[in-house]
Amino acid sequence: QVQLVESGGGLVQPGGSLRLSCAASVKIFSIRPMDWYRQGPGKQRELVATITGAGNTNYADSVKDRFTISRDNAKKTTWLQMNSLKPEDTTVYYCHLKGATGNDYWGQGTQVTVSS
C-alpha cells in the first residue's frame, strides 16, 4: 500500500523557519510530481508548492520567495523548507502524490503554528 509519512511541523515565532519532510513508500517515485498543500480552519485546501520528477517547481504567490520545495528520488522523499514564516502560514500541511493508477495519495498532515 502507498503511504506518505510527514514530519517536521511545530511551533515557531514569526520570522522563523521550519522544514517539513514527506517520505513515500511507493514502488515508482522518480517520475511522479509531488506537492505540498495546506488547509486551515474554515479555508479551502490550497496548493502551496509542486515539484516534478525532473525538479521543476512552482509556488503559490503567498509563499513565493519564502518557501522552497525539493526532492531526493533515491530517498523517495520531498521537503518543504519554510523561511520567514508569518502567522497566516499557521495551518495543517499535507504532502500529495498522484500514483501510477491515477489515484491521489495524501500524508497524514502536520501542524505548523507561527506565533509569538
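Everything quoted here is computed from the prediction, not taken from an experiment.

> For this particular structure, what's the right way to read the state of the cysteines?
Structurally, a disulfide amounts to a covalent bond that connects the sulfur atoms of two cysteines. Per the stated rule, a full pass over the model turns up 1 disulfide. Across the disulfide from Cys22 sits Cys95; the S-S distance is 2.0 Å. Given an S-S torsion of about 55 degrees, the disulfide between Cys22 and Cys95 has right-handed geometry. Taken together, the residues Cys22 in strand β3 (residues 18-25) and Cys95 in strand β9 (residues 91-98) connect sequence positions 73 residues apart. Cys95 shares its class with Cys22; the two are buried.

> How should the environment of Ser70 be read in this particular structure?
Here Ser70 is to be found in strand β7 (residues 67-72). In this structure Ser70 comes out as partly exposed when scored by relative accessible area, which is 31%. Placed 13 residues apart in sequence, Ser70 and Thr57 show a C-alpha to C-alpha distance of 8.3 Å. Beyond its immediate stretch of four places on either side in the chain, Ser70 contacts Ile51, Thr77, Thr78 and Trp79.

> In this structure, what is going on with the sheet that holds strand β1 (residues 3-7)? I would like to understand it.
Strands in a sheet are paired, the pairing made by backbone hydrogen bonds, and the direction either parallel or antiparallel. Reading across the sheet, the 4 strands line up as β1-β3-β8-β7 and stay open at both edges, with antiparallel pairing between neighbours. With one partner strand each, in any of the chains shown, β1 and β7 form the two edges of the open sheet. For this sheet, the mean inter-axis angle between neighbouring strands, taken without regard to orientation, is 15 degrees. The sheet contact formed by β1 and β3 spans 5 bridges and is antiparallel. Considered in β3, the bridge of Leu4 is made with Ala24.

> What exactly am I supposed to notice about the nonpolar core here?
One broad trend across soluble globular proteins is that nonpolar side chains are buried collectively. Formed by 25 residues in total, the largest nonpolar core has its most connected members in Trp36, Phe67, Leu80, Met82 and Tyr93. Looking at this core element by element, the count peaks at 4 residues for β3. Those residues within four positions of Met82 in sequence are excluded, and the remaining contacts are Gly16, Ser17, Leu18, Leu20, Arg66, Phe67, Tyr93 and Val112.

> It is not clear to me how the packing of aromatic side chains should be interpreted in this structure. Could you clarify?
Two descriptors summarise a pair of aromatic rings, namely the distance from one centre to the other and the angle between the planes of the rings. Scanning all chains against the criterion turns up 1 aromatic pair. Their ring planes at 65 degrees and their centres at 5.0 Å tell us that Tyr37 and Trp106 sit as a pair that is edge-to-face. Of this pair, Tyr37 sits in strand β4 (residues 34-39) while Trp106 sits in strand β10 (residues 104-106); the two residues are 69 residues apart in sequence, bridging distant segments of the chain. Classification of Trp106 as partly exposed rests on a relative accessible area of 35%. Positioned above the aromatic ring of Tyr94, the side-chain terminus of Arg45 is 4.3 Å from the ring centre. The aromatic ring of Trp106 is capped on one face by Arg45, whose charged end is 4.5 Å from the ring centroid.

Criteria and thresholds
Residues numbered from 1 in each chain as written. Predicted model: local features only at pLDDT ≥ 70, side-chain atom pairs only at ≥ 80, totals over all residues. Heavy atoms only, no water. Disulfide = S-S within 2.5 Å. Helix = DSSP H or I, 4+ residues; strand = E, 2+ residues; numbered from the N terminus. Buried < 20%, exposed > 50% of the residue type's maximum accessible area, 1.4 Å probe, protein only. Contact = heavy atoms within 4.5 Å. Pairing = 2+ DSSP bridges. Axes fitted to C-alpha atoms, helices over the stretch in contact; angles between N-to-C directions. Core = buried A, V, L, I, M, F, W, Y, C linked by side-chain atoms within 4.5 Å. Phe/Tyr/Trp six-rings, centres within 6.5 Å; stacked < 30°, edge-to-face > 60°. Lys NZ or Arg CZ within 6 Å of the ring centre and 35° of its normal.

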